[in-house]
Amino acid sequence: MDEQMNKKYLANKLFETQFALEDLREIVRQSLPTGMSNDQSEHYDEIVSGLGGLLEDLGKKNGQTQPVKIVGDLMCRTREEEFINIQPIQAGGRLTPEARKAVIAYGDGYSTCDNCRKPFRLDKIEKPSISTFHTDLAEFVGMDQARVVPGARRGFQAVASSIIEKGDTVVVSTFAHYTEFLAVEGAGGIVREAPVNEHNILTAESVAHKIDEVKRETGKLPALIMIDHFDYLFCNEHDIYGIGKVAQEYGIPFLYNGAYTVGIMPVNGQKIGADFVVGSGHKSMASAAPSGVLATTEEWADKIFRTTQMVGDVTGRKFGIKEVEFLGCTLMGAPLLSMMASFPHVKERTKHWDEEVKKSNYFINEFLRIEGNEVLSEFPRKHALSKVDTTGSFDKVAKTHKRKGYFFSDELKKRGIAGEFPGATRSWKMSTYGLSWDQIHYLSNSFIEIADKYDININ
Ligand SMILES: Cc1ncc(COP(=O)(O)O)c(C=O)c1O
């Protein structure tokens, strides 16, 4: 084998090995906690023997080849292989094996730009198929055009800075995420909060009332309405369709915050009556951080996606069709390619949202059998993420336990469950998203088992 061939051979083998390891990782994760099924075990054996063969082959051809050692920080990140992870905001962003492979292949800085050709803009690149991905993304959320962004927050920022004038008002919910406040602040606007009702739900009436109040006080309608479909505090569902109608009746642009929806449940911006749909890749689209999407209608596209008019006063330079809000090109490399690689899976999984909600309700129902447990989120659940309260159960144990609140984390950890906030036994959030039914049953039984061990009544 000549030297050039040898390098290519090695490079390909390296990818194959890394990819095979990602497949193994996923098989191990799926088989938690009950062990591998026959199918999983067969796959596992196949990959392991393939890997063994590869290494042997490499060893023979290259005396100097050494196994890669992963140390320090990298080794800390083992949670997904060892535990069922109920961390509240990680579940929807967990990478698919395809995304992990994309991260390996496209981790280098400007890797996405290998084939960037005229007109020199990220969303026009055809290899890899970034251009098609943009069209698919827009269609996926029922809008006309889309851009990838480094996180939902950058989507809020692009819209706010395009349409808010200094002193303009923006209506948000009393449960709005802080990034919405900051986006408005950055654009020189003022936030007004529409209150949620006694059930912690934001209604269309509340938004309409706030708009009327703003109009009375300032003589001007708000410049924007920005509302989360599910909020980050309780993950309750808010009346997004009603609010979309109100926005249309008043003629106010409406930004739909789908940080907790786009990528895990079906979202159609047009049906909602949204002018802008924002999603978070690392929260809900099985993508590496930071990543997200901003989609809009033809009507708004020219404004939000406006291109530069700047000319260098000395050099006379112009900058083609670079978009101002995204400083030319936005999300490159590994985060973008992870989004693209996960996309087919993400599209498919949104069709099974009802099943995720069923699993969430199954767990919560079991959780509520433990005397003193409460669910603070709306119930029955409409989402996989819930806020629960264990003050009347596990926190009572914590008061006299020598490990205090950490006893609960210890008990979960012993059973292969991680992701709760260590030491938290009062109110805390957790998610069942993406767990199999076996894992849901195991999780529910584990909670019951812990309660039983500490003499808490089970109903
Ligand atoms: C409701 C909500 N909106 C927006 C964001 C910000 O999303 P990102 O991290 O993608 O910018 C979050 C993050 O936690 C959130 O909970």
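Computed from a predicted model, the values in this text were never measured in an experiment. (Residues numbered from 1 in each chain as written. Predicted model: local features only at pLDDT ≥ 70, side-chain atom pairs only at ≥ 80, totals over all residues. Heavy atoms only, no water.)

## Some thoughts on the UniProt feature "modified residue: N6-(pyridoxal phosphate)lysine" in the protein
Taking the numbering used here, the UniProt-annotated feature "modified residue: N6-(pyridoxal phosphate)lysine" corresponds to K283. Along the polypeptide, K283 turns up in helix 12 (residues 281-284). With residues near it in sequence (within four places) discarded, K283 still touches I89, G92, G93, A259 and Y260. (UniProt positions renumbered as here; feature names shortened; annotations may be inferred. Helix = DSSP H or I, 4+ residues; strand = E, 2+ residues; numbered from the N terminus. Contact = heavy atoms within 4.5 Å.)

## Focus on the layout of surface pockets
In this structure, the second largest pocket occupies an estimated 560 Å³ of space. In terms of lining, the second largest pocket is formed by 29 residues, of which the most central are E26, R29, Q30, H345 and G434. Class assignment for the residues of the lining of the second largest pocket results in 7 nonpolar, 12 polar and 10 charged. (1 Å grid on protein atoms, 1.4 Å probe; cavity = no way out; pocket = protein on both sides within 12 Å on 5 of 7 lines; lining within 4 Å. Points joined across faces, edges and corners; volume = space filled by probe spheres on them. Nonpolar A, V, L, I, M, F, W, Y, C, P; charged D, E, K, R; others polar.)

## Regarding the packing of helix 9 (residues 204-218) against helix 10 (residues 240-250)
At a minimum axis separation of 8 Å, helix 9 and helix 10 run at an interaxial angle of 30 degrees. One element, helix 9, and the other, helix 10, form an angle in the roughly parallel class. Crossing hand, helix 9 versus helix 10: right-handed. The residues of helix 10 that touch helix 9, namely those facing A204, V207, A208, I211 and D212, are G242, I243, V246 and Y250. Its residues assigned to classes, the contact of helix 9 with helix 10 comprises 7 nonpolar, 1 polar and 1 charged. (Axes fitted to C-alpha atoms, helices over the stretch in contact; angles between N-to-C directions. Parallel < 35°, antiparallel > 145°, perpendicular 65-115°, else oblique. Left-handed = near helix turned anticlockwise from the far one by under 90°.)

## A look at the environment of T296
Following the sequence through the fold, T296 ends up in strand 8 (residues 292-296). For the pair T296 and F408, spaced 112 residues apart in sequence, the C-alpha to C-alpha distance is 45 Å. Contact partners of T296, with chain neighbours within four places excluded, come to M143, D144, Q145, D275, F276, A301 and F305.

## A short note on the side chain of S338
Summarising the element assignment, S338 is placed in helix 14 (residues 333-350). Residue S338 is classed as buried on the basis of its relative accessible area, which comes to 0%. What S338 contacts, discounting residues up to four positions off in sequence, is A99, A102, V103, A286, S287 and A288. (Buried < 20%, exposed > 50% of the residue type's maximum accessible area, 1.4 Å probe, protein only.)

## Brief notes about the pairing of strand 10 (residues 385-389)
With respect to burial, strand 10 is a largely interior element, 5 of its 5 residues being buried. Residues of strand 10 alternate between two faces, with L385, K387 and D389 on one and S386 and V388 on the opposite face, all of them buried. Where strand 9 (residues 374-375) meets strand 10, 2 bridges bridge the pair, whose relative direction is antiparallel. Along strand 10, the bridge assignment pairs V375 with V388. Both strand 10 and strand 12 (residues 427-431) contribute to a ladder of 5 bridges, which runs antiparallel. Bridge pairing in strand 12 places V388 opposite W428. (Pairing = 2+ DSSP bridges.)

## Considering the UniProt feature "binding site: pyridoxal 5'-phosphate" in the protein
Residues annotated by UniProt as "binding site: pyridoxal 5'-phosphate" correspond here to A152, R153, N257, S280, G281 and H282. Across 131 residues, the annotated set stays spatially compact, with a maximum C-alpha separation of 14.3 Å. Mapped onto the fold, A152 is located in helix 7 (residues 152-163). Given the relative accessible area of 9%, A152 is considered buried. If near-sequence neighbours (up to four positions away) are discounted, A152 is found in contact with V278, G279, S280 and S291. Mapped onto the secondary structure, R153 falls in helix 7. Residue class for R153 comes out partly exposed when judged on its relative accessible area of 41%. R153 has contacts with Y178 and T179, leaving out every residue within four places of it along the chain.

## Quick word on the pattern of salt bridges
Evaluation of the coordinates by the stated rule reveals 26 salt bridges. Salt-bridge contacts for K210 lead to E213; the nearest nitrogen and oxygen are separated by 3.0 Å. Here E213 and K210 lie together in helix 9, a separation of 3 residues that amounts to about one turn. Grouping residues by exposure puts K210 and E213 together as buried. (Salt bridge = Lys/Arg side-chain N within 4 Å of Asp/Glu carboxyl O.)

## Digging into the sheet that holds strand 3 (residues 169-173)
In a beta sheet, neighbouring strands are held together by backbone hydrogen bonds and run either parallel or antiparallel to one another. Across the sheet, 7 strands lie side by side as 2-8-7-6-5-3-4; this open sheet has mixed pairing. Each having just a single partner strand, strand 2 (145-149) and strand 4 (190-194) make up the two edges of the open sheet. Looking at each pair of strands side by side, their axes are set apart by 20 degrees on average, direction ignored. Across 4 bridges, the pairing between strand 5 (residues 224-228) and strand 6 (residues 254-257) is parallel. Its bridge partner being in strand 6, I227 is matched across the sheet by Y256. On the sheet, helix 7 packs against strand 2, strand 5, strand 6, strand 7 (276-280) and strand 8 and is oriented at approximately 155 degrees with respect to strand 7. Each of strand 3, strand 4, strand 5 and strand 6 is contacted by helix 8 (residues 178-186), which is oriented at about 145 degrees to strand 4, the strand it contacts most.

## What to know about the nonpolar core
Within the largest apolar cluster, 58 residues are counted, with the highest numbers of intra-cluster contacts made by V207, I225, F254, Y256, V262, V277 and L336. When residues in this core are grouped by element, the largest group, 6 residues, is from helix 14. Looking at which domains feed residues into this core, each of domain 2 (111-350) and domain 3 (353-453) supplies at least three. Setting aside residues no more than four positions away along its own chain, Y256 makes contact with I227, H229, I240, T261, V262, V267, I272, A274, F276, V277 and V278. (Core = buried A, V, L, I, M, F, W, Y, C linked by side-chain atoms within 4.5 Å. Domains from an automatic or database assignment.)

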